[in-house]
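# Inside the fold
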Amino acid sequence: RPDGFRIVTKLPRGTLAARVDAELAASRQRLGGCALAGVLFHHAADMLDRGRRGAIEEAKQAGHTRGIGVSAYAPEDIDRILDAGHRLDLVQFPF
């Protein structure tokens, strides 16, 4: 990776909790094995799923990523996540 860049990847929408580790490993392999600065959920509903959220938190604790975030398509998406008590390290607003 070029110096000064941090790499963020995104889980495919609807990724099952049991597939999170495999998706992260595949993404890192496609990116040349670099460390991930963050992983984004493709949609707020994915982040609000207890199993998916737990799987990505485990990946963070294991050092597979430094941050967890979401692609938000409306400000209400962020409100729902924060109201549920989740912390966001990253937010992408694709507008």
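Attention here is on the structure that accompanies the text. (Residues numbered from 1 in each chain as written. Predicted model: local features only at pLDDT ≥ 70, side-chain atom pairs only at ≥ 80, totals over all residues. Heavy atoms only, no water.)

Take the pairing of strand β2 (residues 38-41) next. The side-chain alternation of β2 yields two buried faces, one formed by G38 and L40 and the other by V39 and F41. One ladder, built from three bridges, connects strand β1 (residues 8-10) with β2; its direction is parallel. Following the sheet pairing, T9 is matched in β2 by V39. Two strands pair when backbone bridges link them, and β2 and strand β3 (residues 68-71) are joined in this way by three bridges, in the parallel orientation. Pairing of F41 across the sheet is with V70, part of β3. (Buried < 20%, exposed > 50% of the residue type's maximum accessible area, 1.4 Å probe, protein only. Helix = DSSP H or I, 4+ residues; strand = E, 2+ residues; numbered from the N terminus. Pairing = 2+ DSSP bridges.)

So, about the sheet that holds strand β4 (residues 90-92). Within a sheet, neighbouring strands are paired by backbone hydrogen bonds and run either parallel or antiparallel to one another. Strand order in the open sheet made by the four strands is β1-β2-β3-β4, with parallel pairing throughout. Across the chains shown, the open sheet's two edge strands, defined by having one partner strand only, are β1 and β4. Pairwise comparison of adjacent strand axes, ignoring direction, gives a mean angle of 25° for this sheet. (Axes fitted to C-alpha atoms, helices over the stretch in contact; angles between N-to-C directions.)

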